[in-house]
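Coordinate analysis (summary)
Chain by chain, the residues run as shown.
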Amino acid sequence: MHEPKISHLAAEDPALADLIESEAQRQHDKLRMIASENYVSSAVLEATGTVLTNKYSEGYAGKRYYEGQQLIDPIESLAVERAKAVFGAEHANVQPYSGSPANLAIYLAFLQPGDTVMSMSLAHGGHLTHGSPVSITGKWFRPVHYGVEPETGRVDMSKVRELALAERPKLIIAGGTAIPRTIDFPAFAEIAAEVGAILMADIAHIAGLIAGGAHPSPIGLADVVTTTTHKTLRGPRGAMIMAKAEHATVVDKAVFPGLQGGPHNHTTAGIAVALHEAAQPSFKGYAHQIVANASALAVALNERGFDLVSGGTDNHLILIDLTSKGIPGKPAAKALDAAGIELNFNGVPFDTRRPFDPSGIRLGTAALTTRGLTEAQMPQVAEWMDQTVTAAVKEDTAALDRIAGEVRDLLAAYPMPGYTA
Ligand SMILES: *Cc1c(COP(=O)(O)O)cnc(C)c1O
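Fair warning: this is a prediction, and the values are worked out from it, not measured in the lab.

The subject of this paragraph is the UniProt feature "domain: Serine hydroxymethyltransferase-like" (unreviewed entry) in the chain. Per the UniProt entry, the sites bearing "domain: Serine hydroxymethyltransferase-like" (unreviewed entry) are residues 10-385 in this numbering. Within the segment residues 10-385, helix and strand shares are 42% and 15% respectively, and the terminal C-alpha atoms sit 37 Å apart.

Shown next, in the form of structure tokens:
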């Protein structure tokens, strides 16, 4: 059953309530390894389901365009102050609706259409909003991309510097969505200073690791830091921008009124709760356990002949090239889902296949760490993945059903916030 209870919804709209109950069950029964996902706490769930959704609050605390902000102002200020404290930032804006609008706000704040932006290519682990041709960021600006080296699967910072010197970008973006290795923020900061570019760190994936001290922080090095709040940070779906004090006004104006209307106050409250949780000593344990689990899983996958991009991982994320296993990413991801192991198909650097039918899969250990799994279970997870890939090649659906049952049996011992049996 969903927790908190959804009894009013069940009475009013049983069809929808049934779907939500089934989704809670599904999230409980599956090994969720989509690298961008997690389980929020019951406290975060409660905050996002409150009457705060009723309120309009265009503007910022102390300077709003609607009346009745006596309680919204302190709620948003709590979220802002907690963000600044957790990350050590000079300025924070908690209003972006999600990671993509947060990134677009940075373009709006610092660039004119046609300006050059340097970022990790999507094919090597960047994000759509880092200048992909299908994104507004690629259509309205001029992206140039760095990537990883074919031999190492890692970024060579001397090549990033060469590209920056040749292209003179106005904005440099560090970070991405499929980067299994530590990002060298000090080197990016040096390059940005040398070419006079604004440096933006997009820490959407690793924000929780940074908050918990399990990945170096770009705060103090980057001019602006964007992040989603719902990945390793384990808050509601939303985003934040942190900035050096000198950029506070231009960033705030870009978010509102530049790009958005009223902030989603129920989400702001959920972000405030998640940041309160991130400030507790136990969050450090969670962040380091995510990395320990990913490392243990990488070892166990390597032992079973999986080909990991860059050979392993420093963070929560593992990118696997399945070519050596004789199956592309998409059918493998579908078979794994049928076997109770949820992840996504993903391109790998220098992929010879198409983006919608690529060679790889991507996974992360944040959600299973929240469930309470440790290094002790990672060999079993790798073994299930190996058995599933073999079964998929042989089209052995009975094996997938058996593995899904075993996954469910294991997870029955690990409670999920948001669900009671
Ligand atoms: C997830 C992600 C985003 C976008 O977040 P949405 O909330 O999906 O819009 C932006 N940048 C990076 C690096 C991401 O991983």
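UniProt feature "site: Plays an important role in substrate specificity" (unreviewed entry): in the numbering of this structure it lies at His 230. Position of His 230 relative to the elements: it lies in the loop between strand E9 (224-228) and strand E10 (239-243). When neighbours within four sequence positions are excluded, His 230 is seen to be in contact with Ser 36, Asn 38, Ser 98, Gly 235, Pro 236, Arg 237 and Gly 238. Separated by 3.2 Å, the side chain of His 230 and the backbone nitrogen of Gly 238 make a polar contact.

Right, let's talk about the domain arrangement of the chain for a bit. Splitting the chain by domain gives domain 1 (9-32 + 284-411) and domain 2 (47-278). The centre of domain 1, based on its C-alpha atoms, is set 27 Å off from the matching centre of domain 2. Here domain 1 meets domain 2 over a buried area of about 1,900 Å², counting both sides, of which 58% is carbon and sulfur. Looking only at domain 1, the three residues that lose the most surface to domain 2 are Ser 310, Asp 314 and Phe 350, adding up to 28% of its buried area. Here domain 1 is connected to domain 2 by 1 salt bridge. Note that Asp 314 and Arg 181 form a salt bridge whose closest N and O atoms lie 2.8 Å from each other.

What follows deals with the packing of helix H5 (residues 99-110) against helix H10 (residues 248-259). Where H5 meets H10, the closest approach of the two axes is 8 Å, and the angle between their N-to-C directions is 110°. Judged on the interaxial angle alone, H10 and H5 are roughly perpendicular. Crossing of H5 against H10: the hand is right-handed. Residues Pro 101, Leu 104, Ala 105, Ile 106, Leu 108, Ala 109 and Phe 110 of H5 form the contact with H10, whose participating residues are Val 250, Val 251, Ala 254, Val 255, Gly 258 and Leu 259.

Time to look at the nonpolar core. Ranked by size, the top nonpolar core spans 51 residues in total, and within it Phe 87, Ile 172, Phe 188, Ile 203, Leu 233 and Met 240 carry the most contacts. Here this core gets 7 residues from one element, more than from any other, and that element is helix H8 (residues 185-195). Mapped onto the domain boundaries, this core takes at least three residues apiece from domain 1 (9-32 + 284-411) and domain 2 (47-278).

Quick look at the pattern of salt bridges now. Inspection of the entire model under this criterion finds 20 salt bridges. Glu 342 serves as the salt-bridge partner of Arg 32, at 3.9 Å between the closest nitrogen and oxygen. Pair noted here: Arg 32 is in strand E1 (residues 31-32) and Glu 342 is in strand E13 (residues 341-342), with a separation of 310 residues, a long-range link. Since its relative accessible area comes to 6%, Arg 32 is described here as buried.

This part covers the sheet that holds strand E12 (residues 317-321). Spatially, E11-E12-E15-E14 is the arrangement adopted by the 4 strands of the open sheet, whose pairing is antiparallel. Strands at the two margins of the open sheet, each flanked by one partner only, are strand E11 (307-308) and strand E14 (344-346). When E12 meets strand E15 (residues 360-364), the two strands line up antiparallel, connected through 5 bridges. The residue of E15 that forms the bridge with Leu 319 is Arg 362. Of the strands in this sheet, E11, E12 and E15 touch helix H12 (residues 281-303), which is tilted by about 20° from E12.

As a further point, take the site of the ligand. Neighbouring the ligand are 13 residues; Ser 98, Ser 100, Asp 202, His 205 and Lys 231 lie closest to it. Backbone polar atom of Gly 99 to an oxygen atom of the ligand: 3.0 Å apart, as the coordinates give it. When the ligand sits alone it has 380 Å² of accessible area, and the protein chains cover 87% of it. In terms of residue count, H5 provides more of the shell around the ligand than any other element does, 3 residues in total.

Structurally, His 2 can be placed in the segment before helix H1 (7-12). At a separation of 2.8 Å, a polar atom in the side chain of His 2 contacts the main-chain carbonyl oxygen of Pro 4.

A few words on the sheet that holds E10. Read from one edge of the open sheet, 7 strands run E4-E10-E9-E8-E7-E5-E6, paired in mixed fashion. At either margin of the open sheet sits one strand with a lone partner, and together these are strand E4 (91-93) and strand E6 (142-146). Taking the axes of each pair of neighbouring strands and ignoring which way they run, one obtains an average angle of 20° across the sheet. As defined by bridge partners, strand E5 (residues 116-120) adjoins E6 across 5 bridges and the pair is classed as parallel. By the bridge assignment, Met 120 is partnered in E6 with Tyr 146. Running over the sheet, H5 touches E5, strand E7 (171-174), strand E8 (198-202), E9 and E10 and is turned about 160° from E9. On the sheet, H8 packs against E6, E7 and E8 and is oriented at approximately 175° with respect to E7.

Conventions used here
- Residues numbered from 1 in each chain as written.
- Predicted model: local features only at pLDDT ≥ 70, side-chain atom pairs only at ≥ 80, totals over all residues.
- Heavy atoms only, no water.
- UniProt positions renumbered as here; feature names shortened; annotations may be inferred.
- Helix = DSSP H or I, 4+ residues; strand = E, 2+ residues; numbered from the N terminus.
- Contact = heavy atoms within 4.5 Å.
- Polar contact = N/O pair within 3.5 Å; in protein donor to acceptor, adjacent residues only side chain to side chain.
- Domains from an automatic or database assignment.
- Buried area = accessible area lost by both parts, 1.4 Å probe.
- Salt bridge = Lys/Arg side-chain N within 4 Å of Asp/Glu carboxyl O.
- Axes fitted to C-alpha atoms, helices over the stretch in contact; angles between N-to-C directions.
- Parallel < 35°, antiparallel > 145°, perpendicular 65-115°, else oblique.
- Left-handed = near helix turned anticlockwise from the far one by under 90°.
- Core = buried A, V, L, I, M, F, W, Y, C linked by side-chain atoms within 4.5 Å.
- Buried < 20%, exposed > 50% of the residue type's maximum accessible area, 1.4 Å probe, protein only.
- Pairing = 2+ DSSP bridges.
- Near = heavy atom within 4 Å.
- Areas by Shrake-Rupley, 256 points an atom, 1.4 Å probe, with all protein chains shown as cover.

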